[in-house]
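Here is how the chains run, residue by residue.
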Amino acid sequence: MHIKAKEIKKTFGNRMILDGFNLEVASGETVVVIGPSGSGKSTFLRCLNGLQSIDSGSIEIGEHRLEPATSESFTPFSPKLRKMQGMVFQDFNLFPHMSVLGNVSEAPAMVDKLPRNEARQLSLELLKKVGLENHANHYPSQLSGGQKQRVAIARALAMKPKVLLCDEVTSSLDPELKHEVLDVLEKLKSDGMTLLMVTHEIGFAKKAADRVVFIAEGKVVEDGPPEKVLENPENQRLRSFISRLLG
Amino acid sequence: MILQTPLLIFLALCQNPAPLIWAADEEGGAPYVFRDGKLEQVGFELDIIKALADELKRPIEFKQYAFDSLVPGLLKGDFDFAMNGLEINEERQQKIRFSKPYYIYRQQLVTRADEKRFNTLLGCRNTPGAIVGTMDGTQAERLLNQAKIPIRNYSSSTEAYSDLVSGGRIDAVFLDLPMAISYALPNKALKFAGKPTARGFYAIGFHPKNETLAKEVDAAMDALKQKGILRSILVKWNLWDECQEELSPGFLFEEEGYPGASMNSILEDNHAWTIDRYLPLLLQGTLVTIQLTLCSFALAVTLGLPLSLARLYGSRWLQSLALMYVEFFRGIPVLLLLFFLYFGLPAIAESSGMSISLALSPFTAATLGLGLNYAAYEAETFRAAIQSVPQGQWEAAASLGMGKTLAFRRIILPQALRIALPTTTNDLVALFKDTSIASVVALVELNKQYQILAKSSLKFVELGLITAALYLALSVPLGRLARVMEKKLTPEKR
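All values derive from a computational prediction rather than experimental measurement.

Cut-offs applied
Every chain begins its residue count from 1, and numbering advances along the sequence as written. Chains carry letters and ligands carry numbers; both start at the beginning, A for chains and 1 for ligands, and go up in the order they are written. With pLDDT at 70 or above as the cut-off, local features in this predicted model cover only qualifying residues; side-chain atom pairs require 80 or more to be listed or tallied, and sums for whole chains, interfaces and linings still use all residues. Processing note: side-chain calculations cover all non-hydrogen atoms of the structure and skip hydrogens and water entirely. Only DSSP runs of H or I reaching four residues or more are called helices, and only runs of E reaching two or more are called strands; each is numbered from the N terminus. For the radius of gyration, the atoms used are the C-alpha atoms, and the globule rule reads 2.2 Å times the number of residues raised to 0.38. A 1.4 Å probe rolled over the protein chains alone gives each residue an accessible area, and that area as a share of the maximum for its type sets the label: buried under 20%, exposed over 50%, partly exposed in between. Whether two residues are in contact is decided by their heavy atoms: any pair within 4.5 Å suffices. We count Lys and Arg on the positive side and Asp and Glu on the negative side, and we leave His and both chain ends out. Charge placement uses NZ in Lys and CZ in Arg. For Asp and Glu, CG and CD serve respectively. Accessible surface is estimated by sampling points in the Shrake-Rupley manner with a 1.4 Å probe; for residues, cover comes only from the protein chains shown. Here the bounds of each domain stem from an automatic or database domain assignment. Note on terms: buried area is the combined drop in 1.4 Å-probe accessible area of two parts once they are placed together, counting the loss on both. The working definition used for a salt bridge is a side-chain nitrogen of Lys or Arg within 4 Å of a carboxyl oxygen of Asp or Glu. Under the scheme applied, nonpolar residues are Ala, Val, Leu, Ile, Met, Phe, Trp, Tyr, Cys and Pro; charged residues are Asp, Glu, Lys and Arg; polar residues are all the others, including Gly. Put simply, a patch holds well-exposed residues, over 30% relative accessible area, that have no salt bridge, with like charges counted together within 9 Å and Val, Leu, Ile, Met, Phe, Trp or Tyr side chains within 5 Å. Helices are assigned an expected span. That span is 1.5 Å times one less than the residue count. Strand pairing requires that DSSP identify at least two bridges connecting the strands. To get an axis, fit a line to the C-alpha atoms, keeping to the stretch in contact for a helix; angles then go from 0 to 180 degrees between the N-to-C directions. Residues belong to a common nonpolar core when they are buried Ala, Val, Leu, Ile, Met, Phe, Trp, Tyr or Cys residues joined through side-chain atoms within 4.5 Å. Working definition: rings of Phe, Tyr and Trp (its six-membered ring) pair if their centres are within 6.5 Å, and the pair is stacked with planes under 30 degrees apart, edge-to-face with planes over 60 apart, and tilted otherwise. Charge-over-ring contacts are defined here by two conditions on Lys NZ or Arg CZ: a distance within 6 Å of the ring centre and an angle within 35 degrees of the ring normal.

### Comments concerning the overall build of chain A
Consideration 1: Helices and strands together make up the secondary structure of chain A, namely nine helices and ten strands.
Consideration 2: Relative to the globule expectation of 18 Å for 247 residues, the C-alpha radius of gyration of chain A, 18 Å, shows essentially globular dimensions.
Consideration 3: Considered along the principal axes of its C-alpha atoms, chain A spans approximately 55 × 40 × 30 Å.
Consideration 4: Here chain A, with 247 residues, has 55% of them falling under the buried criterion.
Consideration 5: Sequence separation of at least 24 residues holds for 64% of the intrachain contacts in chain A that already meet a minimum separation of 6.
Consideration 6: In chain A, 32 positive and 31 negative side-chain charges are present, and the distance between their average locations comes to 3 Å.

### Digging into the overall build of chain B
Consideration 1: Within chain B one finds 19 helices and twelve strands.
Consideration 2: Based on the C-alpha atoms only, the size of chain B along its principal axes is roughly 100 × 75 × 50 Å.
Consideration 3: The burial tally for chain B puts 53% of its 494 residues in the buried class.
Consideration 4: Put simply, chain B shows about 22,900 Å² of open surface, and 62% of that area lies on carbon and sulfur atoms.
Consideration 5: Charge centroids of chain B, computed over 49 positive and 49 negative side chains, lie 9 Å from each other.

### Side note on the side chain of A:Thr30
Consideration 1: Secondary-structure assignment places A:Thr30 in strand β3 (residues 30-34).
Consideration 2: Assessed through its relative accessible area of 0%, A:Thr30 is described here as buried.

### Thoughts on the domain arrangement of chain B
Residue and element names in this part refer to chain B.
Consideration 1: The domains assigned to chain B are domain 1 (19-102 + 203-272), domain 2 (103-201) and domain 3 (275-489).
Consideration 2: Between domain 2 and domain 3, the C-alpha centre-to-centre distance is 34 Å.
Consideration 3: Listed per partner, the contact involves eleven residues of domain 2 and 13 residues of domain 3.
Consideration 4: With both sides pooled, the region where domain 2 packs onto domain 3 buries about 890 Å², and carbon together with sulfur makes up 53% of that total.

### A look at the interface of chain A and chain B
Consideration 1: Contacts between chain A and chain B engage 28 residues on the former and 23 residues on the latter.
Consideration 2: One can count two salt bridges joining chain A with chain B.
Consideration 3: Two residues, B:Glu395 and A:Arg46, come together in a salt bridge whose shortest N-O distance is 2.5 Å.
Consideration 4: For the side of chain A that touches chain B, the elements supplying multiple residues, two or more each, are α2 (79-83), β6 (85-88), α3 (100-110) and α5 (145-157) of chain A.
Consideration 5: A per-class count over the side of chain A that touches chain B returns 15 nonpolar, seven polar and six charged.

### Let's talk about the pattern of salt bridges
Residues and elements named next belong to chain B.
Consideration 1: For the coordinates displayed, the defined rule picks out 34 salt bridges over all chains.
Consideration 2: Note that aspartate 222 is salt-bridged to lysine 100, the shortest N-O span being 2.7 Å. Taken together, the residues span a long stretch of sequence, with aspartate 222 in helix α9 (residues 211-226) and lysine 100 in the loop between β6 (97-98) and β7 (103-112) at a distance of 122 residues. Accessibility classification places aspartate 222 together with lysine 100 in one group, the buried group.
Consideration 3: Several salt bridges share partner residues, and in doing so they unite Arg97, Glu211, Lys215 and Asp218 into one network.

### Section: unusual backbone geometry
Residue and element names in this part refer to chain A.
Consideration 1: Phi is positive for phenylalanine 92, close to 65°, though the residue is something other than glycine.
Consideration 2: Tracing the chain through its elements places phenylalanine 92 in the loop between β6 and α3.
Consideration 3: Positive phi is not limited to glycine here, since asparagine 93 has a value of about 55°.
Consideration 4: The residue asparagine 93 is located in the loop between β6 and α3 in this model.

### Considering a nonpolar patch on the surface
Consideration 1: A cluster of nonpolar side chains, B:Trp317, B:Leu318, B:Leu321 and B:Met324, forms an exposed patch at the surface whose accessible area comes to about 450 Å².
Consideration 2: In this fold, B:Met324 is placed in helix α13 (residues 316-331).

### Notes on helix α4 (residues 116-129) of chain A
Consideration 1: In this model α4(A) runs 20 Å from its N-terminal to its C-terminal C-alpha over 14 residues, within 8% of the 20 Å that 1.5 Å per residue would give.
Consideration 2: Positive phi appears at A:Gly131, one or two residues downstream of α4(A), with a value of about 75°.

### Brief notes about the environment of B:Glu486
Residue and element names in this part refer to chain B.
Consideration 1: Take glutamate 486: it is sitting in helix α19 (residues 460-489).
Consideration 2: Under the relative-accessibility criterion, glutamate 486 is labelled partly exposed at 28%.
Consideration 3: Between the alpha carbons of glutamate 486 and leucine 421 there is a distance of 6.8 Å; along the sequence they are 65 residues apart.

### Topic: the sheet that holds strand β11 (residues 190-202) of chain B
Residues and elements named next belong to chain B.
Consideration 1: Read across the sheet, five strands follow the order β9-β8-β10-β7-β11 without closing on themselves; strand pairing throughout is mixed. The outermost strands of the open sheet, each flanked by one partner alone, are β9 (151-154) and β11. Each strand of the sheet is rotated relative to its neighbour by a mean of 25°, with strand direction disregarded.
Consideration 2: As paired strands, strand β8 (residues 132-135) and strand β10 (residues 172-176) are joined by two bridges and run parallel to one another. From the neighbouring strand, valine 132 faces β10, where its bridge partner is alanine 172.

### Some points on the nonpolar core
Consideration 1: Ranked by size, the top nonpolar core spans 99 residues in total, and within it B:Phe44, B:Phe81 and B:Tyr102 carry the most contacts.
Consideration 2: Excluding its chain neighbours within four sequence positions, the residues that come into contact with B:Phe44 are B:Pro31, B:Tyr32, B:Tyr102, B:Tyr202, B:Ile233, B:Leu234, B:Trp237 and B:Leu239.
Consideration 3: Of all hydrophobic cores here, the second largest spans 54 residues; its members include A:Leu51, A:Leu66, A:Met84 and A:Leu165.

### Considering the packing of aromatic side chains
Consideration 1: Across all of its chains, the model carries 23 aromatic pairs over all chains by this definition.
Consideration 2: The interplanar angle of 35° and the centroid separation of 4.4 Å between the aromatic rings of A:Phe21 and A:Phe44 together place this pair among those described as tilted. Pair noted here: A:Phe21 is in strand β2 (residues 15-25) and A:Phe44 is in helix α1 (residues 41-48), with a separation of 23 residues, a long-range link.
Consideration 3: Given a relative accessible area of 0%, A:Phe21 falls into the buried group.
Consideration 4: Look at A:Phe44 and you get buried, because its relative accessible area is 1%.
Consideration 5: Between the aromatic rings of B:Phe34 and B:Trp237, the centroid separation amounts to 6.2 Å while the plane-to-plane angle is 75°, which identifies the pairing as edge-to-face. Of the two residues, B:Phe34 sits in strand β2 (residues 34-35) while B:Trp237 sits in the loop between α10 (229-236) and α11 (252-256), which places them 203 residues apart along the sequence.
Consideration 6: Residue classification places B:Phe34 among the buried positions, given a relative accessible area of 15%.
Consideration 7: The ring of A:Phe95 carries the charged tip of A:Arg155 above its face, separated from the ring centre by 4.5 Å.
Consideration 8: The ring of B:Tyr342 carries B:Arg169 above its face, with NZ or CZ at 3.6 Å from the centroid.

### Quick notes on the pairing of β2(A)
Residue and element names in this part refer to chain A.
Consideration 1: Judged from the eight bridges that link them, strand β1 (residues 3-12) and β2 form a sheet pairing that is antiparallel. Within β2, the position partnered with threonine 11 by the bridge is methionine 16.
Consideration 2: Hairpin connection of β1 to β2: two residues between the antiparallel strands, including glycine 13 at a positive phi of 65°.

### Focus on the pairing of β3(A)
All names here are of chain A.
Consideration 1: Here β3 lies mainly inside the structure; five of its five residues are buried.
Consideration 2: Relative to strand β8 (residues 194-198), β3 runs parallel, the two sharing four bridges. Counted as the bridge partner of valine 33 is valine 198 from β8.
Consideration 3: Where β3 lies against strand β9 (residues 211-216), four bridges are found, and the strand directions are parallel. Paired with valine 31 across the two strands is arginine 211, which belongs to β9.

The following block contains the structure:
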């Protein structure tokens, strides 16, 4: 599924977060977005999913078109459009009062009105895919960070999205747990899923990304294949950003 | 100078003897001692007191004291004597020393003017569902109880008669003739049913050890009778009748020692205050307390949740309405609310000419009052709980395609209820104990039952401990149940 963002502007109070932001993502592509903190990466993802409205510009997602809205509320946003995009959050946001199976099967059962046992069946398959079929009856509080994030991915996949938006999905994890999440994402990529990721994982970007996009101050500064953007950065700011990231 | 000061004080004391403290209950109403239209203290007993003070050459000071606590208060030494339509009966005679009587009372049954079903106490007993209003701790209450007539207790005659007028809750009032003369006689909506019955004596009560004072007052009382002062006071208050002749010194009853109030046919004064007699009554009170707790809490929660939603997600208009509700019901005392619901609503309905009676039963009024009050607290608890569910939960639900209602119902509310549970449980226990104030609307729950029994039997300690044990036996498991529920509702913490 195709995503096309054109000249997006977004301000919070006096702060310009997105300032004429342009980005296209083709179906099946894996795009990694990098950039200094506060550069607007996460805001862009949240705008795509309608968790935040845009002030001006336009976003095309498949045949759908997202227009600027005055309200900051995410309710007017079409649930249908949201369903097409799975979202995985930095802090997992699992439902603490539901088991792992409940977390994954809730939306298919309640939103897609799948019969409960079908929803469970689907959920178990997805849990198997992320390697957690044995944890179906656990509660989120009983899981490690990496396991939680994998449940969150399974939960997002349960709605059969066309694209997965990943918002710094490894930032809350201990270093030794990051790979379990990244491995799952790589597997998804090889299954043909469109991935749009905000991350600091340069290694992952080099290995798995089709394109790397560097943004600063609400604008796309560099956009190209990883070897070009990450290894021979032309832009001064990008160079210093990468050298700081690799520390 | 140094020697002079104590001397002066001594002299001053001789000239102005310390005032005697007289206890009575103004709330009991006319014609004993009460406030008139100008809020001045008046009453036939006040007149007698003034005459006694002249006779004794000692000032007498008034002390306000609840009528049904007069005997315990006297024994406790809170005042010198009690004079407030205190009836001589055997039970009281065993505990306190009575003066010579100053009035011979009888009981008068009063009904609404249009009452056709009965005209006597016996007829009333044979009328199914008929309830008779009376006052706590009076001889009338005792007589009704012995006659096994369903009663409702009031703490003042005014409340009883006005409740009879407003209709629906009681069918008659059985109280001392002076009260009937003061309230029912002038009221066209009421009528005297039958003749006054059950004669007895009003006398002044003293501590049994205060024989000296009692003798002095007896002598003074005799003097008032001989001089005709007592008679003129009773005439002034429209209380003089042929019965009062028997008060004269040397009359027959003096030798008999003023037997306790009569109505011998139904009177059997064998008050053996044993546990098998009062425990069933306390358990009955406990049952009422439990029912009241559950009903009013159910009301509080069913009202509280929509209120919290209105506060959080309602239109501006709805939000301020819910806020007003919360501020109003949190801001007024429950006691006032109960009083208003019970006594105020019927008055409003009457004065506005509404065809339906708003006379709520004591239980309904108490449930409504406590429920409305606690709903304000529950609304705030729920609001805080809903708000403390992290924003990320809303976002996660939304990103899965859930609408706002679905997300609230399946994701936010279950978590909010878990957060609210400890506070809500606390409120439940607090409400359980707050039910005790329902006694102001004549509901006999556990605490009221204790007061009634303790004041009649004077077993304050014994009954108090049993009552406390009954309260604890319920509130402690309540807390435990809440913890079990909390665990059950939070499987992720097991």
